[in-house]
Amino acid sequence: AIYNWKGETRLGLSLEIGETVQILEEYAGWYRGFSTKNRSVKGIFPQSYIHLKPCKVDNEGLFESVVPIEDPVIREVTLVLREWGDIWKKLFVNRENYKFETVGKVMRDLLEWRRQLVSGTLTHDQTNELKLKIIGKIDWGNR
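In this report, the structure presented in the accompanying data block is examined. Owing to the predicted nature of the structure, the values given are computational and were not obtained by experimental measurement. (Residues numbered from 1 in each chain as written. Predicted model: local features only at pLDDT ≥ 70, side-chain atom pairs only at ≥ 80, totals over all residues. Heavy atoms only, no water.)

Glancing now at helix H2 (residues 97–119). With 23 residues, H2 should cover 33 Å at 1.5 Å per step; its first-to-last C-alpha distance of 33 Å lies within 8% of that length. Looking at H2, one finds that the buried residues are Phe100, Gly104, Val106, Met107, Asp109, Leu110, Trp113 and Leu117. In this structure, the buried residues of H2 make contact with helix H1 (72–93) and helix H3 (124–141). Glycine 120, located one to two residues past H2, shows a positive phi value of around 70°. (Helix = DSSP H or I, 4+ residues; strand = E, 2+ residues; numbered from the N terminus. Expected span 1.5 Å × (residues − 1). Buried < 20%, exposed > 50% of the residue type's maximum accessible area, 1.4 Å probe, protein only. Contact = heavy atoms within 4.5 Å.)

As structure tokens, this is what we get:
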């Protein structure tokens, strides 16, 4: 999901940015499917709120699983940003201003670098250099 959506329609499925969904059907600008966070709840959501990614289907049929095929560094930085977002909110609530500002700046850097990686406009060397930079920043932040 590239936008939050509150599922504000009959049979709507609420989505949060970054959430992965499996699409079961498509009709007139809408998808029907489920979030991989809770496969038992199915609903509809706007096509324009979804970015399609290549994926691999294992065990096709009743027990199939769909796994997005994406660069491991992009996946890692996405997960780290979600985790750090929670930490960042707690720093704000606890009024730990210096840490709040520091973590916020690092997160903005990671978001920008992730955007550059996802855009696919970098050369192979630039991509490798940026991945090393991202990994270094994540390692720094996890200390």
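Tallied over the full model, the rule gives 6 aromatic pairs. Note on phenylalanine 92 and phenylalanine 100: the rings are 5.3 Å apart at their centroids and 50° apart in plane angle, and the pair reads as tilted. By relative accessible area, phenylalanine 100 is classed as buried at 16%. Ring-pair connections join several aromatic residues into one group, and the members of that group are Tyr3, Trp5, Trp30 and Tyr49. (Phe/Tyr/Trp six-rings, centres within 6.5 Å; stacked < 30°, edge-to-face > 60°.)

This part is about the packing of H1 against H3. Interaxial distance between H1 and H3 falls to 11 Å at its minimum, and their mutual angle equals 30°. What the angle tells us is that H1 and H3 run roughly parallel. Between H1 and H3 lies a crossing whose hand is left-handed. Between H1 and H3, the residues in contact are Val73, Glu76, Val77, Val80 and Trp84 and Lys131, Ile134, Ile135, Lys137, Ile138 and Gly141, respectively. Per-class residue counts for the contact of H1 with H3 are 7 nonpolar, 1 polar and 3 charged. (Axes fitted to C-alpha atoms, helices over the stretch in contact; angles between N-to-C directions. Parallel < 35°, antiparallel > 145°, perpendicular 65-115°, else oblique. Left-handed = near helix turned anticlockwise from the far one by under 90°. Nonpolar A, V, L, I, M, F, W, Y, C, P; charged D, E, K, R; others polar.)

An α-helical turn contains 3.6 residues, so a residue and the one three or four places further along point in the same direction. With 22 residues, H1 extends 32 Å between its outermost C-alpha atoms, agreeing within 8% with the 32 Å of an ideal straight helix rising 1.5 Å per residue. Among all positions in H1, only Val73, Ile74, Val77, Thr78, Val80, Leu81, Trp84, Gly85 and Leu91 are buried. Buried residues in H1 make contact with H2 and H3. Two or three places before valine 73, at the opening of H1, aspartate 71 has a side-chain oxygen 2.7 Å from that residue's backbone nitrogen. (Polar contact = N/O pair within 3.5 Å; in protein donor to acceptor, adjacent residues only side chain to side chain.)

Let us look at the pairing of strand S5 (residues 65–68). As paired strands, strand S4 (residues 55–58) and S5 are joined by 4 bridges and run antiparallel to one another. Note on S5: the bridge partner recorded for lysine 56 is valine 67. Connecting S4 to the next strand, S5, in antiparallel fashion are 6 residues, including asparagine 59 with a positive phi near 55°. (Pairing = 2+ DSSP bridges.)

Our focus in this paragraph is the pattern of salt bridges. Scanning all chains against the criterion turns up 7 salt bridges. Residue arginine 32 is joined to glutamate 25 by a salt bridge in which the shortest nitrogen-to-oxygen separation is 2.5 Å. Notably, a salt bridge pairs lysine 56 with aspartate 58, separated by 4.0 Å at the nearest N-O pair. Overall, the relative accessible area of 45% leaves lysine 56 in the partly exposed class. (Salt bridge = Lys/Arg side-chain N within 4 Å of Asp/Glu carboxyl O.)

This brings us to the sheet that holds strand S2 (residues 30–35). If you walk across this open sheet you meet the 3 strands as S1-S2-S3, and the pairing is antiparallel. Of all the strands in the sheet, the pair left with one neighbour each is strand S1 (21–27) and strand S3 (38–46). Mean inter-strand twist for the sheet, computed between neighbouring axes without regard to direction, equals 25°. Summarising the sheet, S1 and S2 pair through 6 bridges and their orientation is antiparallel. Each residue of the ladder has a partner; that of tyrosine 27, found in S2, is tryptophan 30.

Don't take any of this as a statement about function, it's just geometry.
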